[in-house]
Amino acid sequence: MSRFLFVVPPLVGHINPTVGVAAELVASGHAVAWVCPDPALVGRLAGPGAGPVMACAGALPGERPTGLRGPEALKFLWERYLLPLAESMAPGVRAAVEAFRPDVVVADQQAFAGALIAELLGLPWATSATTSAEFTDPLAGLPKVGQWLQQRLGALREAVGDPAGTADPRFSPHLVLAFSTPELAGSAHDGVCWVGPSITARPSAAGFPWEWLDAGRTTVLVTLGTANTDVGGRFLDVCRSVLRERADRVQSVIADPGGVLSARDGDKDVLIVPSVPQLSLLERGVGAVVCHAGHNSVCEALWHGVPLVVAPIRDDQPVVAGQVVDAGAGVRVRFGRVTVQKLASAVDSVLDDPGYRDGAHRIRTAFRSAGGARAAALHLDDLAVRQVGSAAAREGSAMSNRAAPTSTDTLAHCESPDATPRRTGTAREFR
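A brief look at the structure comes next. (Residues numbered from 1 in each chain as written. Predicted model: local features only at pLDDT ≥ 70, side-chain atom pairs only at ≥ 80, totals over all residues. Heavy atoms only, no water.)

Time to look at the pattern of salt bridges. Applying the stated criterion across every chain yields a total of 11 salt bridges. In this structure, Arg170 engages Asp168 in a salt bridge whose closest nitrogen and oxygen atoms are separated by 2.7 Å. Within the structure, one salt-bridge network assembled from shared partners comprises Glu245, Arg246, Arg249, Asp348 and Asp352. (Salt bridge = Lys/Arg side-chain N within 4 Å of Asp/Glu carboxyl O.)

Our next topic: the sheet that holds strand S12 (residues 308-310). The six strands lie next to each other as S10-S9-S8-S11-S12-S13, forming an open sheet whose pairing is parallel. Edge positions in the open sheet fall to strand S10 (270-273) and strand S13 (330-332), since each of these has one partner strand only. Strand-to-strand, the axes of this sheet are offset by a mean angle of 15 degrees, without reference to chain direction. Relative to S10, strand S9 (residues 250-255) runs parallel, the two sharing four bridges. Within S10, the residue paired with Ser252 across the bridge is Val270. Running over the sheet, helix H7 (residues 233-244) touches strand S8 (218-223), S9, S10 and strand S11 (288-291) and is turned about 165 degrees from S9. (Pairing = 2+ DSSP bridges. Helix = DSSP H or I, 4+ residues; strand = E, 2+ residues; numbered from the N terminus. Axes fitted to C-alpha atoms, helices over the stretch in contact; angles between N-to-C directions. Contact = heavy atoms within 4.5 Å.)

The next point concerns the environment of Arg240. Its location among the elements puts Arg240 in helix H7. Judged by its relative accessible area of 1%, Arg240 falls in the buried class. Each C-alpha atom of the pair Arg240 and Val222 lies 9.1 Å from the other, and the pair is 18 residues apart in sequence. In terms of polar contacts, Arg240 uses its side chain to reach the side chain of Asp237, at 2.8 Å. (Buried < 20%, exposed > 50% of the residue type's maximum accessible area, 1.4 Å probe, protein only. Polar contact = N/O pair within 3.5 Å; in protein donor to acceptor, adjacent residues only side chain to side chain.)

In terms of burial, helix H9 (residues 295-303) is largely enclosed, as eight of its nine residues are buried. Among the residues of H9, those classed as buried are His295, Ser297, Val298, Cys299, Glu300, Ala301, Leu302 and Trp303. A positive backbone phi angle near 70 degrees is found at Gly305, which sits one or two residues after H9.

Another aspect to go through is the pairing of strand S1 (residues 3-7). A regular strand places its side chains on the two faces of the sheet in alternate fashion. Counting buried residues in S1 gives four out of five residues, a clear majority hidden from the surface. Inspection of the sheet shows S1 paired to strand S2 (residues 31-36) by five bridges, in the parallel sense. Its bridge partner lying in S2, Arg3 is registered against Ala31. Traced from S1 through helix H1 (residues 12-27) to S2, the parallel crossover comes out right-handed. Bridge analysis of S1 against strand S4 (residues 104-108) gives four bridges, and the strand direction is parallel. Pairing of Phe6 across the sheet is with Val106, part of S4. (Right-handed = clockwise from strand over helix to strand, strands pointing away.)

Following the criterion strictly, the structure yields six aromatic pairs and no others. Aromatic pair Trp78 and Phe112: ring centres 5.2 Å apart, planes at 25 degrees, arrangement stacked. Of this pair, Trp78 sits in helix H3 (residues 70-100) while Phe112 sits in helix H4 (residues 112-120), and the two are 34 residues apart along the sequence. Residue class for Trp78 comes out buried when judged on its relative accessible area of 2%. Geometrically, the ring pair formed by Phe208 and Trp210 is edge-to-face, given 4.7 Å between the ring centres and 70 degrees between the ring planes. Note on Trp210: relative accessible area 24%, which makes it partly exposed. Cation over ring: Arg3 sits above Phe100, and NZ or CZ is 4.1 Å from the ring centre. (Phe/Tyr/Trp six-rings, centres within 6.5 Å; stacked < 30°, edge-to-face > 60°. Lys NZ or Arg CZ within 6 Å of the ring centre and 35° of its normal.)

With that settled, consider the state of the cysteines. Under the criterion given, the structure shown has zero disulfides. Its sulfur unpaired, Cys36 is 6.4 Å from the next cysteine sulfur, which belongs to Cys56. (Disulfide = S-S within 2.5 Å.)

Bringing the side chain of Gln278 into the picture now. For Gln278, the position within the fold is in helix H8 (residues 278-284). According to the relative accessible area criterion, Gln278 is buried, its value standing at 13%. For Gln278, the residues in contact, after removing those within four places along its chain, are Leu221, Thr223, Ser297 and Glu300.

Moving on: the sheet that holds strand S5 (residues 125-129). The strand order S3-S2-S1-S4-S5-S6-S7 describes an open sheet built from seven strands, whose pairing is parallel. Strands with a single pairing partner mark the edges of an open sheet, and in this sheet they are strand S3 (53-55) and strand S7 (192-194). Strand-to-strand twist in this sheet, taken as the mean axis angle between neighbours without regard to direction, amounts to 25 degrees.

Right under this line is the structure:
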């Protein structure tokens, strides 16, 4: 039995993919624990059998200034959220490591404290990449921004990690798990294990009116995720207008967690609810999804072969939206400036043009061949086994040669050059 500690930020989209992985590890007899600034959120998403959840400091950023785009939006994300989150989480993560004594730390790609503390304490760590945007090198055309980012990461390492360390906390040298496939992400990226989406059952939203759905009409789901309630009012209102005009053949379900849509006459043709059991609804059958191009929303739709209209807002969403378009699985519209006419054309295209559904089905096939949560758990188990073997080898070497090095760097270099699983073996190995 091995012990795995999941380090996650307080974000639903970053926790959900790891829930299934943790469940697979537990089912195989391993011990799992979590550390997160919001233990209640992990407990709600992962359920009572997911293992202990330890608290640490850290919070979501305040409201973002409207209109932030490009480098300024990136700077806000890093300066106001990612870097402060890492510094505040670090003491709690270290305490959790010392209390739980894991064999492997599984660190979310945006929870840098997990990677830095693991490196500091000489533990192997795996990156949980819940979005594939980082693999596209989004800063390739912004060298000054890239240099600024490296300087900030260096200062973060000095503050909470091992100043002599060299690994980028976003990309573990031991194992990088990407919850997508090259068929959507666009390229292979050696050293990344593409396991596809981790899709696991979730508790159904209480009180969802399933009886409202009409089996004779196609369902369109509109969702902007859980983190965009502050900016979605206008876009959701345009969606409502477009879908009401198509009520003779389309029934629409609009998730409005912030309650930004005021009631109007005729809303009987559009179901507006604060939350949607998304996986259950997709499983029942959906003709199209209109969303913000959040990685989880996109992957859950494509897992079910559903084409999309994507309207990216910020962060990784423009990259993911580009992936959807390049894969032929959907149409992109401008979130802030979309008109009724433009959105209507996009919705009609993904509903009526079979090419978009064909594109979505190609991604569906790739996703379901990649292995998902089970493939990720097997990779983690392999990393833990290699860690045990490496520790035993070091112990034997120390007994025969007391002068052998025992520094943190020894662990990183004791694995064979091919130890990190490569993408080319992932789909075949775990079908």
